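An overview of the molecular structure
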Amino acid sequence: MAIIKHILALTLLLAASLGAMAQKELGALPDMQVAGSSTTVGATRLSPAAAMLLADLEQLGRDVRRKDKDLIARYSLSRSGCRYYVQALVSMSAGHSFDELKAFGVKPGHTVLHSMSVRIPTRRLAALAESGLAASIDVSLPRETKKLK
């Protein structure tokens, strides 16, 4: 029994050291922002990408326009009419329903258990986060693909 515990401890130590070495070799890409694990605004938990988008929108200080190509590409914003939307996964706070999101101009999508895939207008993202209707808003950054030579 002691040998098994010793082997398990060595395996865990080896896995931790390999993970640390891989982290040193890869590191963060220099042109990408790094966010914490999650952020809360009011009673809403934001994913790191949602928090970064919210900060970028506040820094922009105006609505998203066509000329904001970097921002549009970074968050895969889609355009409908003259508004830009971000694809997100929203779970509602207790006592609230998905129908209440219509007041924020949110376009509903598919429902999975207690979450719904939605398109949120970028100009209303901050108001939705501060309202407390949503328990969480998860936005994912698009994957960067590199062409092989």
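The numbers attached to residues start from 1 for each chain and follow its sequence in the written order. In keeping with the predicted nature of the model, local features appear solely for residues at pLDDT of at least 70, side-chain atom pairs appear and are counted solely at 80 or more, and the whole-chain, interface and lining totals rest on all residues. The side-chain numbers reported here are obtained from all heavy atoms of the structure, hydrogens and water having been left aside.

Section: the overall build of the protein
Assigned secondary structure in the protein consists of four helices and seven strands. Secondary structure follows DSSP: runs of H or I at least 4 residues long count as helices, runs of E at least 2 residues long count as strands, and numbering of each begins at the N terminus. Secondary structure elements of the protein occur, N-terminal to C-terminal, as α-β-β-α-α-β-β-β-β-α-β. Two residues form a contact once any of their heavy atoms are found within 4.5 Å. A fraction of 55% describes how many contacts in the protein between residues 6 or more apart in sequence connect residues 24 or more apart. Only the protein chains shown count as cover for residues, and all accessible areas are computed by the Shrake-Rupley method using a 1.4 Å probe. Of the accessible surface of the protein, which amounts to about 10,300 Å², a share of 59% is contributed by carbon and sulfur atoms.

Quick word on unusual backbone geometry
At Ser76, a position not held by glycine, the phi torsion is positive, near 50°. One can find Ser76 in the loop between helix H3 (69–75) and strand S3 (78–80). The exposure class of Ser76 is partly exposed, given its relative accessible area of 42%. The buried label applies to any residue whose accessible area, calculated with a 1.4 Å probe on protein chains only, is under 20% of its type's maximum; exposed applies above 50%, and partly exposed to all values in between.

Regarding the nonpolar core
Residues Leu77, Val90, Val118, Ile120 and Ile137 are the most contacted members of the largest nonpolar core, which totals 31 residues. At the level of elements, helix H2 (48–60), H3, strand S4 (83–92), strand S6 (115–121), helix H4 (125–131) and strand S7 (134–138) are the ones that each hand at least two residues to this core. Per-element accounting of this core gives the leading share, seven residues, to H2. Buried Ala, Val, Leu, Ile, Met, Phe, Trp, Tyr and Cys residues that are joined via side-chain atoms within 4.5 Å together make up what is termed a nonpolar core.

Regarding the pairing of S4
The buried fraction of S4 is high, at seven of 10 residues. Paired strands, in this sense, are two strands between which DSSP finds at least two bridges. Note that S3 and S4 share three bridges and pair antiparallel. Paired with Ser80 across the two strands is Arg83, which belongs to S4. Both S4 and S7 contribute to a ladder of four bridges, which runs antiparallel. Residue pairing across strands places Leu89 opposite Asp138, the latter belonging to S7.

Some thoughts on H2
One less than the residue count of a helix, multiplied by 1.5 Å, gives the span that helix is expected to have. Between its terminal C-alpha atoms H2 stretches 18 Å, which fits the 18 Å expected from 13 residues at 1.5 Å a residue. Of the positions making up H2, those classed as buried are Ala49, Ala50, Ala51, Met52, Leu53, Leu54, Asp56 and Leu57.

As for the side chain of Asp68
Relative to the helices and strands, Asp68 resides in the loop between H2 and H3. Here Asp68 falls in the buried class, since its relative accessible area comes to 10%. Excluding its chain neighbours within four sequence positions, the residues that come into contact with Asp68 are Leu60, Arg62 and Asp63.

Digging into the environment of Leu133
When you line up the elements, Leu133 lands in the loop between H4 and S7. Remark: the alpha-carbon pair of Leu133 and His96, spanning 37 residues in sequence, is separated by 6.3 Å.

Quick word on the pattern of salt bridges
A pairing counts as a salt bridge when a side-chain nitrogen of Lys or Arg comes within 4 Å of a carboxyl oxygen of Asp or Glu. Scanning the entire structure with this criterion turns up four salt bridges. The partner of Arg62 in a salt bridge is Asp68, and the shortest N-O contact between them spans 2.9 Å. Judged by its relative accessible area of 27%, Arg62 is partly exposed.

Things to note about the confidence of the model for the protein
Within a predicted model, pLDDT stands for the predictor's per-residue confidence, ranging from 0 to 100. Looking at the protein as a whole, its pLDDT mean stands at 79, while 72% of the residues score no less than 70. Element-level mean pLDDT values for the protein span from 63 in strand S1 (residues 39–41) up to 91 in S4.

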